[in-house]
Amino acid sequence: MNKAAEIVWKHTHGTVSKETIDAVRNFTLTKYTCVYSKRKVLYFTKGLLKYLAKTTFDMRFQAFELFLEMPKTLKTRKHVTSRIITKEDVENVLKAIELSYSVGRIDDYHRLNYKALTLFGAFTGQRPLATIARLTVGQFREAVKTKKPAVDVLPWQDKIRMQHYCPLHPQVVEAMIPALEDRPDDEFVFQQLSFQEWLKHTGVRLLNSGARIVNGDLRKFCEQQSDILLWDQSNKNYVLTHGVSGVDWRFYKHPLPENVYDVYMKYWKDVRFDA
């Protein structure tokens, strides 16, 4: 702010006119290459003009903001993400979990937990911190008992506070059952933060880009795999709570858990991960 004030005073000497404001703008745009530095000086000058307009009751000062606009630039439009997550990437995470267990880096409790978390995240695309980290043992214990298992995700466990049913693929159920043993119902089921740190230090890489896998990539896999499977758009948006802010979702749609499960399994039943 001190530097911006120095620049303004140097080029205006206390006189506000089109010529002095143009001088401030031209000097700033020429001197600095960083867009943030340019914005800081120009926004400071705009703030000064607003202050003068208020303290002098002369709104003509604020009219000079017109001459302090940033130059317009064409933005590169990105149509698709460059981060591609494949079935093999998820399988590499599962293999890394088994390897970590075999060499003693993690114990059996964390092996079962990380495996269940990976499969649940990949098959359902739930948000890692907003949802996965908040689900409880009791919710899964109730779900796996049913013929068509689906976890009832509560409003406080969802980013947009939308209560919804999350269907459990048979492979997820297989992984969840041993991960639930001898645990109280009110305990958070997944060791999300521990898993996040494990991914960070293990450094499993994506096959297509070589980037390190992060826990949010499981949701990306589910989204991208849904295009390959031609997953029903309404069912997908409901399970992932993605694009469900419209009137029809708020006041009309409310599918039953067995119906959510049936539609989901129609598309995902043949998907299975090897580890």
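Every value quoted in this text rests on a predicted model; they were computed, and no experiment measured them.

Participant: Lay out the environment of Ile 84 in plain terms, naming residues and giving numbers.
Facilitator: Relative to the assigned elements, Ile 84 resides in the loop between α4 (60-63) and α5 (87-102). Between the C-alpha atom of Ile 84 and that of Arg 272, which follows or precedes it by 188 residues, the distance is 19 Å. If near-sequence neighbours (up to four positions away) are discounted, Ile 84 is found in contact with Asp 89, Leu 206, Asn 208 and Gln 224.

Participant: How would you summarise the packing of helix α2 (residues 18-31) against helix α3 (residues 35-56) if you had to cite specific residues and measurements?
Facilitator: The description of two helices packed together rests on the angle between their axes and the distance between the axes. Remark: α2 packs on α3, axes separated minimally by 9 Å, with the N-to-C direction vectors making an angle of 165°. Regarding the angle of α2 to α3, the classification is roughly antiparallel. Judged by the twist between their axes, the crossing of α2 over α3 is right-handed. Contacts between α2 and α3 pair Ile 21, Val 24, Arg 25, Thr 28 and Leu 29 from the former with Lys 38, Val 41, Leu 42 and Thr 45 from the latter. Split into classes, the residues belonging to the contact of α2 with α3 amount to five nonpolar, two polar and two charged.

Participant: Describe the nonpolar core, listing the residues and the values that go with them.
Facilitator: Counting residues in hydrophobic clusters, the biggest one holds 54 residues, and the most contacted among them are Phe 120, Phe 140, Phe 190 and Trp 198. At seven residues, the largest contribution of residues to this core is made by helix α6 (residues 108-124). Leave out the neighbours within four places in its chain, and Phe 120 touches Gly 125, Gln 126, Ile 132, Leu 135, Phe 140, Cys 166, Leu 168, Val 172 and Phe 190. Core analysis: the second largest hydrophobic core is formed by six residues, Ile 21, Leu 29, Leu 42 and Leu 68 among them.

Participant: Report on a nonpolar patch on the surface, specifying residues and quantitative values.
Facilitator: Among the surface-exposed residues, Val 247, Phe 251 and Tyr 252 lie close enough to one another that they form a single nonpolar patch of about 400 Å² accessible area. Within the secondary structure layout, Tyr 252 lies in the loop between α12 (247-251) and α13 (257-268).

Participant: Please give an account of the pattern of salt bridges that cites residues and values.
Facilitator: With the rule as written, the count across this model stands at 15 salt bridges. The partner of Arg 141 in a salt bridge is Asp 185, and the shortest N-O contact between them spans 2.5 Å. Of this pair, Arg 141 sits in helix α7 (residues 137-143) while Asp 185 sits in the loop between α8 (170-179) and α9 (192-202), placing them 44 residues apart in sequence. One network of salt bridges, in which partners are shared, links Glu 98, Asp 108 and Arg 111.

Participant: Before we move on, can you summarise the state of the cysteines with the specific residues and values?
Facilitator: According to the stated counting rule, one finds zero disulfides in the structure shown. Lacking any disulfide linkage, Cys 222 is separated from the closest cysteine sulfur, that of Cys 166, by 8.6 Å.

Participant: How would you sum up the environment of Thr 118? Please name residues and give values.
Facilitator: Tracing the backbone through its elements, the reader meets Thr 118 in helix α6. Using a relative accessible area of 0% as the deciding quantity, one classes Thr 118 as buried. In the structure, Thr 118 is positioned 107 residues away from His 11 in sequence and 60 Å away in space, judged by C-alpha atoms. Residues in contact with Thr 118, not counting those within four places in the same chain, are Val 90, Val 93, Leu 94, Ile 97, Phe 195 and Leu 218.

What counts and how
- Residues numbered from 1 in each chain as written.
- Predicted model: local features only at pLDDT ≥ 70, side-chain atom pairs only at ≥ 80, totals over all residues.
- Heavy atoms only, no water.
- Helix = DSSP H or I, 4+ residues; strand = E, 2+ residues; numbered from the N terminus.
- Contact = heavy atoms within 4.5 Å.
- Axes fitted to C-alpha atoms, helices over the stretch in contact; angles between N-to-C directions.
- Parallel < 35°, antiparallel > 145°, perpendicular 65-115°, else oblique.
- Left-handed = near helix turned anticlockwise from the far one by under 90°.
- Nonpolar A, V, L, I, M, F, W, Y, C, P; charged D, E, K, R; others polar.
- Core = buried A, V, L, I, M, F, W, Y, C linked by side-chain atoms within 4.5 Å.
- Buried < 20%, exposed > 50% of the residue type's maximum accessible area, 1.4 Å probe, protein only.
- Patch = residues over 30% accessible without salt bridge, like charges linked within 9 Å, V, L, I, M, F, W, Y side chains within 5 Å.
- Areas by Shrake-Rupley, 256 points an atom, 1.4 Å probe, with all protein chains shown as cover.
- Salt bridge = Lys/Arg side-chain N within 4 Å of Asp/Glu carboxyl O.
- Disulfide = S-S within 2.5 Å.

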